[in-house]
Amino acid sequence: MILNSVFRRSTHKSLLVVGLLFSTLLALTSPANAKHILIYGDSLSAAYGMDEEKGWVNLLAETLSESHQVSNASISGETSGGGLARLKLTLEELKPELVFLELGANDGLRGYSTKLLKKNLQAMIDAIVASGAEIALAKISLPPTYGPRYIDQFRSVYDELAKEYDIPLIDLYQPSFVEAPGYIQEDGLHPTEITQPLVRDLILDFLTENDLLE
């Protein structure tokens with residue numbers, strides 16, 4: 001399952017520095033006048049369990065290097081509350097034109113209220129819109145052990161927000177990735193290195209189909 005695991009985090013300040021440094025390293029490889037895309041997520045987007053250059057975000061940056069600038073401010077273990085806390089400074093520092101928002105799995109894995117998740121995501125969407133950037137939202141899922149009722153409530157948050165704000169939504173839960181041997185790490189949550197190009201292609205097609213690369 002394409003999800004993110006739970007990790008203990010240090011202070012938001014130190015994590016923000018790490019995120020911005022990672023963003024800067026990716027951004028330096030792109031033309032100065034390119035459209036700036038910010039990937040804002042957790043371990044799914046932070047190349048958990050592998051070298052950063054093998055993760056889907058870096059692969060996307062390489063694919064779009066001649067026309068787009070891709071920054072990554074994703075942090076493993078990040079919750080929606082943590083993402084909200086560092087978002088304003090991230091937007092001010094990086095000034096993206098498009099934000100791909102991929103957060104919430106760690107809220108679900110910790111059993112947080114879906115109402116809190118929606119409130120935090122709403123606040124992030126509002127901040128992104130206020131900054132003048134476009135936004136795309138990623139929908140995720142949880143292990144079956146969390147029960148169908150909670151999982152349905154959790155996943156419906158993303159559908160509701162996409163409808164309320166009229167923003168593009170991509171479902172990152174892909175059964176084909178879960179079922180294929182070797183596509184998910186031993187933790188049962190994170191995609192492996194061989195899955196990263198497939199995630200890149202999935203997201204690239206989504207961005208293209210929704211005219212978000214123009």
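Here is what the cut-offs are and how they apply
- Residues numbered from 1 in each chain as written.
- Predicted model: local features only at pLDDT ≥ 70, side-chain atom pairs only at ≥ 80, totals over all residues.
- Heavy atoms only, no water.
- Pairing = 2+ DSSP bridges.
- Helix = DSSP H or I, 4+ residues; strand = E, 2+ residues; numbered from the N terminus.
- Axes fitted to C-alpha atoms, helices over the stretch in contact; angles between N-to-C directions.
- Contact = heavy atoms within 4.5 Å.
- Core = buried A, V, L, I, M, F, W, Y, C linked by side-chain atoms within 4.5 Å.
- Buried < 20%, exposed > 50% of the residue type's maximum accessible area, 1.4 Å probe, protein only.
- Right-handed = clockwise from strand over helix to strand, strands pointing away.
- Expected span 1.5 Å × (residues − 1).
- Salt bridge = Lys/Arg side-chain N within 4 Å of Asp/Glu carboxyl O.

### As for the sheet that holds strand β2 (residues 68–72)
Moving on, step 1. Taken in spatial order, the 5 strands line up as β2-β1-β3-β4-β5 in an open sheet, and their pairing is parallel. Of all strands in the sheet, those with a lone pairing partner are β2 and β5 (169–171), marking the two edges. When strand polarity is set aside, the average angle formed by the axes of neighbouring strands in this sheet is 20°.
Moving on, step 2. Set on the sheet, helix α5 (residues 114–131) makes contact with β1 (35–41), β3 (98–102) and β4 (134–139); between it and β3 the angle comes to about 170°.
Moving on, step 3. Packed on one face of the sheet, helix α8 (residues 196–209) meets β3, β4 and β5 and runs near 155° to β5.

### Overview of the nonpolar core
Moving on, step 1. Counting 53 residues, the largest nonpolar core has Tyr40, Trp56, Phe100 and Leu101 as its most contacted members.
Moving on, step 2. Element by element, the count of residues in this core is highest for helix α6 (residues 148–165), at 7 residues.
Moving on, step 3. Once residues lying within four places of it in the same chain are set aside, the contact partners of Tyr40 are Ala73, Ser74, Gly83, Arg86, Leu87, Thr90, Val99, Phe100, Leu101, Glu102, Leu103 and Met124.

### Considerations on the pairing of β1
Moving on, step 1. For β1, the tally of buried residues reaches 7 of 7 residues, placing the bulk of the element in the interior.
Moving on, step 2. Residues Lys35, Ile37, Ile39 and Gly41 of β1 are buried on one face, and the alternating residues His36, Leu38 and Tyr40, pointing to the opposite face, are buried as well.
Moving on, step 3. Pairing analysis gives 5 bridges linking β1 to β2, with the strands arranged parallel. Bridge pairing in β2 links His36 to Gln69.
Moving on, step 4. The β-α-β motif built from β1, the intervening helix α2 (residues 56–63) and the parallel element β2 has right-handed crossover chirality.
Moving on, step 5. As paired strands, β1 and β3 are joined by 5 bridges and run parallel to one another. From the neighbouring strand, Tyr40 faces β3, where its bridge partner is Leu101.

### Focus on α6
Because each turn of an α-helix spans 3.6 residues, side chains separated by three or four positions end up pointing in the same direction.
Moving on, step 1. Taking 1.5 Å of rise per residue, 18 residues should cover 26 Å, and α6 covers 26 Å from first to last C-alpha, within 8% of that figure.
Moving on, step 2. Burial in α6 covers these residues: Tyr150, Ile151, Phe154, Arg155, Val157, Tyr158, Leu161 and Ala162.
Moving on, step 3. Summarising the contacts, the buried residues of α6 are in contact with α4 (105–109), α5, β4 and β5.
Moving on, step 4. Immediately beyond the C-terminal end of α6, within one or two residues, lies Asp166, with a positive phi of roughly 55°.

### With respect to helix α3 (residues 80–94)
Moving on, step 1. With 15 residues, α3 extends 19 Å from end C-alpha to end C-alpha; this agrees with the ideal 21 Å at 1.5 Å per step.
Moving on, step 2. Of the residues making up α3, those classed as buried are Ser80, Gly82, Gly83, Arg86, Leu87, Thr90, Leu91 and Leu94.
Moving on, step 3. Downstream of α3 by one or two residues, Lys95 has phi in the positive range, about 50°.

### Concerning the pattern of salt bridges
Moving on, step 1. Counting across every chain of the model gives 8 salt bridges.
Moving on, step 2. One salt bridge in this structure joins Glu134 and Lys35, with 2.7 Å as the shortest N-O distance. Residue Glu134 is located in strand β4, and its partner Lys35 is located in strand β1; the two are separated by 99 residues in the primary sequence.
Moving on, step 3. A residue is classified by how much of its surface remains accessible, and Glu134, at 34% relative accessible area, is partly exposed.
Moving on, step 4. Of the residues examined, Lys35 reaches a relative accessible area of 12% and is grouped as buried.
Moving on, step 5. Residues Glu164 and Lys118 are paired through a salt bridge, measuring 2.9 Å at the closest nitrogen-oxygen approach. A residue pair is termed long-range when its members are at least 10 positions apart, and Glu164 in helix α6 and Lys118 in helix α5 qualify at 46 residues.
Moving on, step 6. Judged by relative accessible area, which is 47%, Glu164 ranks as partly exposed.
Moving on, step 7. Among the residues examined, Lys118 registers a relative accessible area of 17% and is labelled buried.
Moving on, step 8. It is possible to trace a salt-bridge network through shared partners that takes in Lys118, Glu160 and Glu164.

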